[in-house]
Amino acid sequence: NFVDPVRYAPSGHIPLRENYAKPQEPLLLHMSNFRPVKRVLDVIRIFHRVYQDHPACLTMIGDGPERPAAERLTRDLELHHRVTFTGAMPDAAKLLSQADAFLLPSDGESFGLAALESLSCGVPVVGARAGGLPEVVTDGEVGILEEVGDVEKMGRRLSELLGDPEALSRMGRAGRRRVEETFRTDRVVPDYEALYRRVLENPSPQQ
């Protein structure tokens, strides 16, 4: 996969962020179709662990079958005043650039395009060591990877990272650099085109 590094790029503070968190509050983000594979309840639990140490806020972008359960868990954990469910958001790329971390604890990402978009924005990714996500996220360098369902360890490590602004910034820069070196549109698309040409020029014989 590839990502447009111009559309998904780091940016300074913009007023949009103030709709979801105060300037001094860490802003965590999740974006998906809220299907079971996305483990959105784990997102809430990771945030719950972080909130024990930091006055953070969580924004949940998207909609789907697991949203009602996620909203219930948010209320049960008394986090409803710190979590915003936005539904679909046309300007999600702008808000993504304002996040401090992106939560993606899925148990079956085929690749993790949302993670790639986050890294392109200079935002570290916290996720599960499953599916294709390790192809995108290098643990300890551009994000945090733990075993599927280990919300305690994901939350603890993220909390430690948020407590070290220099390390957080360094990880964000490393993520952006990884995208520019490996996943830029102008690097990947020519490989697709070359593959298509080879296939068209050398069609398989008819059976």
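Residues numbered from 1 in each chain as written. Predicted model: local features only at pLDDT ≥ 70, side-chain atom pairs only at ≥ 80, totals over all residues. Heavy atoms only, no water.

A. Local environment of helix α4 (residues 113–120). The buried fraction of α4 is high, at seven of eight residues. Burial in α4 covers these residues: Ala114, Ala115, Leu116, Glu117, Ser118, Leu119 and Ser120. Contacts made by the buried residues of α4 are with β1 (27–32), α3 (92–96), β4 (101–104), β5 (125–128), α5 (133–136) and α7 (165–183). Gly122, located one to two residues past α4, shows a positive phi value of around 80°. (Buried < 20%, exposed > 50% of the residue type's maximum accessible area, 1.4 Å probe, protein only. Helix = DSSP H or I, 4+ residues; strand = E, 2+ residues; numbered from the N terminus. Contact = heavy atoms within 4.5 Å.)

B. Layout of the nonpolar core. Judged by nonpolar contacts, the single largest core of 34 residues is most densely connected at Leu95, Phe102 and Val137. At the level of secondary structure, the elements contributing two or more residues to this core comprise β1, β2 (57–62), α3, β4, α4, α5 and α7. With 29 residues, the next largest nonpolar core counts Ile46, Ala70, Ala128 and Leu158 among its residues. (Core = buried A, V, L, I, M, F, W, Y, C linked by side-chain atoms within 4.5 Å.)

C. Local environment of the packing of α4 against α7. At a closest axis distance of 7 Å, the pairing of α4 and α7 adopts a crossing angle of 115°. As summarised for this structure, α4 and α7 are arranged roughly perpendicular, according to the angle between their axes. Along the contact surface, α4 presents Leu116, Leu119 and Ser120, while α7 presents Gly172, Gly175, Arg176, Val179 and Phe183. A class-by-class count of the residues in the contact of α4 with α7 yields four nonpolar, three polar and one charged. (Axes fitted to C-alpha atoms, helices over the stretch in contact; angles between N-to-C directions. Parallel < 35°, antiparallel > 145°, perpendicular 65-115°, else oblique. Nonpolar A, V, L, I, M, F, W, Y, C, P; charged D, E, K, R; others polar.)

D. Expanded view of the pattern of salt bridges. Across all of its chains, the model carries 17 salt bridges by this definition. In this structure, Lys38 and Glu109 form a salt bridge, with 2.6 Å as the shortest nitrogen-oxygen distance. Residue Lys38 is located in the loop between β1 and α1 (40–51), and its partner Glu109 is located in the loop between β4 and α4; the two are separated by 71 residues in the primary sequence. For the pair formed by Lys38 and Glu109, the shared burial category is buried. A salt bridge links Glu166 to Arg170; its shortest N-O distance comes to 3.8 Å. In this pair, Glu166 and Arg170 both sit in helix α7, four residues apart, roughly one turn of the helix. Since its relative accessible area comes to 45%, Arg170 is described here as partly exposed. One connected set of salt bridges, linked through shared partners, spans Arg129, Asp139, Glu146, Glu147 and Arg157. (Salt bridge = Lys/Arg side-chain N within 4 Å of Asp/Glu carboxyl O.)

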